[in-house]
Amino acid sequence: MLSHFQICTAQNDITLSVFTVTSKSMTVQWSGLTGASSYKITATPKNSPEQPVFAQFSGNTVMGSVNSLSPNTVYTMQLEAMDNALNVLSSAETEETTAPDVPSIDQAYSKNSDSITVEFTEVSGATSYILRAVSKMGDFFSETNVNGSAGTVEQLQPYTDYILSVISVNSGGRSQPSYPTEARTVVMAPKLNKSSPSNDTIFVTWAPVKHAVLYTLCIIREDSNTRLKLNTTDTAMTFDNLEAGTTYCIKSTAWDAEGRTGDDLTVCQITRPLSPDVTHVQVTQGRALGIAVYWVSVQGAKSYMGWTSSGQNCSTENNYCYIIPAECGQNHSVSVTAYNDAGPSSPSQPADYITYPCPPENIWVEEPTAGNCSVVWEEVPLVEYYVAFIKRDDGTEKSCNTTDTTCTFFCMCGYTYLTSVFPYNQAGTSLYAHVRNYTTIPCCPQDVTVKLVSTETLEVMWSPVKGAELYETTAAQTNHIIHCNDTSPVCALSDLRCNTAYSVTVTPCSELRGCNRTCTPHTHETAPCAPEILNMMQTGNSSYRVFVTTPNSPSTNYTITATGRTNKHTCQSKNNSCELTQLPCGSTYEVVAVANTAVGKSLPGFSKTLETGPCCPASVNVTQVTQAMTNVTWSPGSGARSYIATLTSPRGHAKCHTLDAHCLMGCITCGTNYSVHLEAISSTGHKSECKYHGFSSSACCPTGVKLYRRTNNSLRVYWRSPGPQAHNHTVELYGTGANYTCIAAAGSMYCDIQEETCGDVYTVVAAPVGQYGIKVTFCQPRTYSVPCPGSNAGMVVSRGRRSVK
């Protein structure tokens, strides 16, 4: 039945809806209305001359059916709510169509194991039909919509009984089911498992089909009308004598015990292809070594695979393929197998091939003697001959063909050679070869110049040479210490020993080959060693001998230079000394010794200062100040800072040391001849001995001078002579009233003076008269008081002055 709802709004809010519809009746439902004691439903056919049909229900009812309706007819359904007086309180109406008439089944049969086809009589007004299938066991129910007869119910079980009925449908709903009928599905078709064991057979197997008692297999070749049908009760069958690489279709059917055929199932199987024939094998050269294999296509082949005896393979759908990479130096064979969905064919007959030889792994260059090189390599198999290429880094190239494993070539120093060897056979040669670099030893510089740039430094220069990346400069005399390790073609060997011949070697080096130790050394001598001054000795008033060390060879000449403020003096010698002459007194010189050889000059030795003695004063004057003291003066001497003046006699000497040009000396003995010496001393202690004419001190002043009054009114001055020498003496008396003078001859020790006035006080000076009549002026005066005659007073003499008491 079809449920249908339609709501119509009426007076006082009563509603009416159709609940169910069949081909002969309608059931409606409404909402109750307060005060209604009964309800009346009237079904009036629309567009039909038939009479209306009605039904009446009590006030407690809200659902009712109207029967005896016509199938597939549109009715107007009216609901009226009435009170006890049958007055209509409210009403509502709707339209609905009755279902079609009930169809009838003509026949039901099964052609497939999962379906049953039902043929039935179609009814007027039906828009579709429903096939209802219920298993006889009651465990299956289904409804299938169809548009008309015949219809098929699917998804059924094989060899199973079903109860079938048909229901017609329109917009109004469903009709009642038709009268049922029974039908059984047929057995299912066997599911074939197929294969082609060889290129002329097909083998099929299947699982036993339930309820099947016989199987029918029909085989037909594709694109052919020839068929072969076989019946069997087994579950396997082989079809032989078939064409290779050909597709065959096999239809299988099972029979049940009633003699009904079940489903049929068709499967197709292609037989395996024939073995292809290899026509050509070629070694290919590309980025990698490969094998190109060609063969004749065979029928039914979907793909091909080529196999080598080394285990490599290639797959293709064409009649050729490439096996990449192939190994060099191999002697193998290749076979081809054809494939299709059935499987592989038998392999073809193997075809032999040979690859080009592998390049030698070990290549090296030997240079037994300089310039004679050989490229050598290890022998490799499958070789007919070798081609060796030798390329120099400047682009020069040569090659040689040989069946040996060596090739000689001329190799110059300082070059890099790239060597490679290509082996050949009937397959050709490899596209690559191992390249070995060989660098010859760097060339020795040919224009090496060594020159002395300072006393102990040699500058070595040369032109750059081929193959040298850096240069080592050594000298044999320095225990081959590397003085320079540089890329520049110049080196300074410094801190060398003076007066030494050095054997200098420039050794070119490269990172690959190391250093060329066969280069010729170049000898050059350093400057002579600097002599040192050992001593300087004065040999004359203005000459000095300078002694020096002689650290160099006997042929070395030494020059000694004395440089003063205003002049310069030199001397030369091959010995250890030479004499500087005509050096003025009072001068300071810086004396330096230099050695000279054919190579050059040495550094100057350490200088020493030479001071000539200070100059003696040109004149010395000795003046006696007192009897025991003299004043010595002299003119300044050049270079002298201080002086030592000495007066020497057998009776003693006097000395003074002064910075001045004069000196006051005591301890002088009167009447003595002195030798005069002056020693001029410089600021550094250099002395000059100066001798001058002797000096004679004045005669000695008399001692014991006394004044006596004589009876004849004369005064006698008496003295004692202090020395053996006799001198004239002069006596002077100075009184308050008169002055008197007398001369005493040599050897006399008194002098008389005639007094004119008595009682005077006299100052008496007795002095000897020296050479040239010069009177000694520093004799000590005595003072006497002389009384007149008759006085009994004595004379009292004091030093310097006498008093008369």
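Caption draft 1: Broad picture of the environment of Ala301. Positionally, Ala301 belongs in the loop between β25 (289-295) and β26 (303-308). Taking the C-alpha atoms as reference points, Ala301 and Gln538, 237 residues apart in sequence, are found 130 Å from one another. Sequence-distant contacts of Ala301, defined by excluding residues within four places in its chain, comprise Pro273, Ala338 and Tyr339.

Caption draft 2: Broad picture of the state of the cysteines. As enumerated under the stated definition, the model contains 17 disulfides in all. Between the sulfur of Cys413 and that of Cys443 lies a disulfide, 1.9 Å long from S to S. Across the disulfide from Cys413 to Cys443, rotation about the S-S bond amounts to roughly 100 degrees, and the bridge is consequently right-handed. Here Cys443 lies in the loop between β39 (436-439) and β40 (449-454) and Cys413 lies in the loop between β36 (406-410) and β37 (416-425), a separation of 30 residues in the sequence. Relative accessible area serves as the criterion here: at 15%, Cys443 is assigned to the buried category. What pairs with Cys616 in a disulfide is Cys690, and their sulfur atoms sit 1.7 Å apart. Here the disulfide of Cys616 and Cys690 is left-handed, its torsion about the S-S bond being about -90 degrees. Residue Cys616 is located in the loop between β54 (608-611) and β55 (620-626), and its partner Cys690 is located in strand β61 (residues 687-696); the two are separated by 74 residues in the primary sequence. For Cys616, a relative accessible area of 35% corresponds to the partly exposed category.

Caption draft 3: Main features of the environment of Ser275. Relative to the helices and strands, Ser275 resides in the loop between β23 (261-270) and β24 (278-285). With 21 residues separating them in the primary sequence, Ser275 and Val296 have C-alpha atoms 9.4 Å apart. The residues touching Ser275, leaving out its near neighbours within four places in the chain, are Val298, Ser345, Ser346, Pro347 and Ser348. For Ser275, the side chain forms a polar contact with the main-chain oxygen of Ser346, separated by 2.5 Å.

Caption draft 4: Expanded view of empty space enclosed by the protein. Applying the stated criterion across every chain yields a total of one cavity of 30 Å³ or more. In this model, the largest cavity occupies a volume close to 30 Å³. Around the largest cavity sit Ser310, Gln312, Ala326, Glu327, Gln330, His332, Tyr353 and Thr355, which together line it. Class assignment for the residues of the lining of the largest cavity results in two nonpolar, five polar and one charged.

Scoring rules and cut-offs
Residues numbered from 1 in each chain as written. Predicted model: local features only at pLDDT ≥ 70, side-chain atom pairs only at ≥ 80, totals over all residues. Heavy atoms only, no water. Helix = DSSP H or I, 4+ residues; strand = E, 2+ residues; numbered from the N terminus. Contact = heavy atoms within 4.5 Å. Disulfide = S-S within 2.5 Å. Buried < 20%, exposed > 50% of the residue type's maximum accessible area, 1.4 Å probe, protein only. Polar contact = N/O pair within 3.5 Å; in protein donor to acceptor, adjacent residues only side chain to side chain. 1 Å grid on protein atoms, 1.4 Å probe; cavity = no way out; pocket = protein on both sides within 12 Å on 5 of 7 lines; lining within 4 Å. Points joined across faces, edges and corners; volume = space filled by probe spheres on them. Nonpolar A, V, L, I, M, F, W, Y, C, P; charged D, E, K, R; others polar.

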